[in-house]
Amino acid sequence: MHTVWKGAISFGLVHVPIKMFTATEDKDVRFRSIHKECGTPISQKRVCAHCDREIENDEVAKGFEYERGKFVLFSEDELDALRPESARTIQILDFVNLTDIDPIYFEKAYYLSPDMSGSGAYGLLLEAIRQTGKIGIAKISIRSKSRLAAIRVVDNCLCLETMHFPDEIRSIAHVPNLPEQVTVNDKELDIAKLLIDQLSATFEPEKYTDDYRNSLLKAIESKMAGEGVDIVAAPAADTTKVIDLMAALQASLDAAKIPTDTGKTGAKRKPAAPKEKKPKKTSKGTAS
């Protein structure tokens, strides 16, 4: 693995030298823009529209647009001077319960390993976090950006997950068309909970695959072999039409082969009773 950051974890007066490695990788199938006439990749160049020429790296500065078309400029030296002195230290501020953190805060995961003579302090922090069941909330500077982070244990490794700051989370109040008060039909709710109970399982990440990426890779292999891509087809979606919510729930139960007459779930919930048909009224108001 390639080291992406090197520094130390600090909690109290304990100093843990560490190296940081990216824990995940992007496996998206990437395409380059190609000139169809000659097959040459198209390059992207930095061009100044005003000077009408290509710009070299040493001519580029960082600019913040405070008004449309107006920028305040910063050199790399000025930006370096603004970075905190603790730019190479992961300072743990608090220890909290993982369940207290909404997953919306989490961003990207990194593995941390002990550096040089830091294995003793590293093992101490790892085992203390494991046995207390807590995770550390810390601050770290990565690639010129200050980030909030969570430090937890994965097997015998410390894992750091960068987090969004609270002011980076958009308010739910800005989401349109949310119901002011949720009202549901009790019978539909019973069937929905029965469906959730029957579909509940232990999380096994290896059974989830990127079907679109797999289809792309098969198409690429077919192209390389001189074959057409018509032999590769993405998984077809279920186009079964359902009339209403209750029909959709019942269809889901049928597809999962779940008997609705037993209700034998973990909570031993009673099955939902079928809807009673109301007698039709005649024009004279009598039932037929």
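Criteria and thresholds
- Residues numbered from 1 in each chain as written.
- Predicted model: local features only at pLDDT ≥ 70, side-chain atom pairs only at ≥ 80, totals over all residues.
- Heavy atoms only, no water.
- Patch = residues over 30% accessible without salt bridge, like charges linked within 9 Å, V, L, I, M, F, W, Y side chains within 5 Å.
- Areas by Shrake-Rupley, 256 points an atom, 1.4 Å probe, with all protein chains shown as cover.
- Salt bridge = Lys/Arg side-chain N within 4 Å of Asp/Glu carboxyl O.
- Helix = DSSP H or I, 4+ residues; strand = E, 2+ residues; numbered from the N terminus.
- Buried < 20%, exposed > 50% of the residue type's maximum accessible area, 1.4 Å probe, protein only.
- Axes fitted to C-alpha atoms, helices over the stretch in contact; angles between N-to-C directions.
- Parallel < 35°, antiparallel > 145°, perpendicular 65-115°, else oblique.
- Left-handed = near helix turned anticlockwise from the far one by under 90°.
- Contact = heavy atoms within 4.5 Å.
- Nonpolar A, V, L, I, M, F, W, Y, C, P; charged D, E, K, R; others polar.
- Phe/Tyr/Trp six-rings, centres within 6.5 Å; stacked < 30°, edge-to-face > 60°.

Just give me the short version of a nonpolar patch on the surface, but keep the residues and values in it.
Together, Phe64, Tyr66, Val72, Phe74 and Leu82 make up an exposed nonpolar region whose accessible area comes to about 520 Å². Breaking the nonpolar patch down by element, the ones donating at least two residues are strand 5 (62-67) and strand 6 (70-74). Residue class for Leu82 comes out exposed when judged on its relative accessible area of 63%.

Quick one: what's the story with the packing of helix 3 (residues 186-199) against helix 5 (residues 245-255), residue by residue and with numbers?
In the contact formed by helix 3 and helix 5, the axes pass within 10 Å of each other and the chain directions differ by 25 degrees. In this view, helix 3 runs roughly parallel relative to helix 5, as classed from their interaxial angle. Remark: the crossing between helix 3 and helix 5 carries left-handed chirality. On helix 5, the residues that touch Lys187, Glu188, Ile191, Ala192, Leu194 and Leu195 of helix 3 are Leu245, Met246, Leu249, Gln250, Ser252 and Leu253. Classifying every residue of the contact of helix 3 with helix 5 gives eight nonpolar, two polar and two charged.

Describe in detail the packing of aromatic side chains, supporting the description with residues and values.
Here the structure, examined in full by the defined rule, presents two aromatic pairs. With centroids separated by 6.4 Å and ring planes inclined at 85 degrees, the aromatic side chains of Phe11 and Phe95 adopt a geometry described as edge-to-face. On the criterion of sequence distance, the pair formed by Phe11 in strand 1 (residues 3-11) and Phe95 in strand 7 (residues 89-97) is long-range, its members being 84 residues apart. On the basis of relative accessibility, which here comes to 17%, the residue Phe11 falls in the buried class. Judged by its relative accessible area of 40%, Phe95 falls in the partly exposed class. Summarising the aromatic geometry, the rings of Phe203 and Tyr208 are spaced 5.9 Å apart at their centres and angled 20 degrees between planes, so their arrangement reads as stacked. Side by side, Phe203 and Tyr208 carry an identical accessibility label, which is exposed.

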